[in-house]
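So you can see what is in the structure, the chains are spelled out below.
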Amino acid sequence: TPAPTPAPQLTPPPTPKGFRDNDQDGVADAAADGTCCAFVYGNAFAGCSGATDLAGAAGCCPSDFLLRHSIQATGEDTTSYDCVSFISQTDCAAYSWSGLTPQWLPANC
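Now for a description of the structure that goes with this document. Quick caveat: nothing in here was measured; it's all calculated off a predicted structure.

The subject of this paragraph is the nonpolar core. For soluble globular proteins, nonpolar side chains are generally found buried alongside one another. Residues A57, F65, Y81 and C83 are the most contacted members of the largest nonpolar core, which totals 13 residues. For this core, the secondary-structure elements that each account for two or more residues are β1 (36-44) and β3 (75-85). At three residues, β1 tops the list of elements feeding residues into this core. If we ignore the near neighbours within four places in the chain, the residues touching C83 are C37, A38, F39, V40, C60, C61, P62, F65 and L66. In this structure, A31, C36, L105 and C109 belong to the second largest nonpolar core, which totals seven residues.

Here we come to the side chain of S80. Mapped onto the secondary structure, S80 falls in strand β3. Classification of S80 as buried rests on a relative accessible area of 4%. In this structure the side chain of S80 is engaged in a polar contact, spanning 3.1 Å, whose partner is the side chain of D77. With residues near it in sequence (within four places) discarded, S80 still touches G42, N43, A44, F45, R68, H69 and S70.

Right, let's talk about unusual backbone geometry for a bit. Here the phi dihedral of S49 falls at roughly 55°; this positive angle occurs in a residue that is not glycine. By the secondary structure assignment, S49 is in the loop between β1 and β2 (66-72).

Okay, the side chain of S85 next. Within the secondary structure, S85 sits in strand β3. Residues in contact with S85, not counting those within four places in the same chain, are D23, C36, C37, D64 and F65.

Attention shifts here to the pattern of salt bridges. The full count for this structure, using the stated rule, is three salt bridges. With its nearest N and O atoms 4.0 Å apart, the salt bridge here joins D29 to R20. Judged by relative accessible area, R20 falls into the partly exposed class, the value being 26%. A salt bridge links R68 to D82, with the shortest nitrogen-to-oxygen separation between them at 3.1 Å. Here R68 is found in strand β2, whereas its partner D82 is found in strand β3, with 14 residues between them in sequence. D82 carries the same exposure label as R68, and that label is buried. Within the structure, one salt-bridge network assembled from shared partners comprises R20, D29 and D33.

This brings us to the packing of aromatic side chains. Both the distance between ring centres and the angle between the ring planes are used here to describe each pair of aromatic rings. Evaluated as defined, the whole model comprises five aromatic pairs. Pairing F39 with W97 gives two aromatic rings, centres 5.8 Å apart and planes at 65°, and the pair type is edge-to-face. Taken together, the positions of F39 in strand β1 and W97 in the loop between α1 (89-94) and β4 (103-105) put the pair 58 residues apart, joining distant regions of the chain. We classify F39 as buried; its relative accessible area is 15%.

Rules of the game
Residues numbered from 1 in each chain as written. Predicted model: local features only at pLDDT ≥ 70, side-chain atom pairs only at ≥ 80, totals over all residues. Heavy atoms only, no water. Core = buried A, V, L, I, M, F, W, Y, C linked by side-chain atoms within 4.5 Å. Buried < 20%, exposed > 50% of the residue type's maximum accessible area, 1.4 Å probe, protein only. Helix = DSSP H or I, 4+ residues; strand = E, 2+ residues; numbered from the N terminus. Contact = heavy atoms within 4.5 Å. Polar contact = N/O pair within 3.5 Å; in protein donor to acceptor, adjacent residues only side chain to side chain. Salt bridge = Lys/Arg side-chain N within 4 Å of Asp/Glu carboxyl O. Phe/Tyr/Trp six-rings, centres within 6.5 Å; stacked < 30°, edge-to-face > 60°.

Honestly, it's all geometry; don't read function into it.
Structure (structure tokens):
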């Protein structure tokens, strides 16, 4: 009798040492630690069509950028949001979404 086929492995492979993926998109970050490409940084939710939370602000951030509570020098601010990516500075300068170009942030990302 043949041996039964083992169940597929559901545990993802271990993350390689040194792999950084701050936006959790599965792609290694090109930006150095602490730097990022930002469409908005520290925006009040209300500035996005009257949004009151992250779900409401989703339309104000490209889908391939990370929408999160704002990270400030003093910590996380849950009353505002950031829309960031950890792509390279060159790719940041070349990116465009709805006619807008993001800015490179050298700190607090």
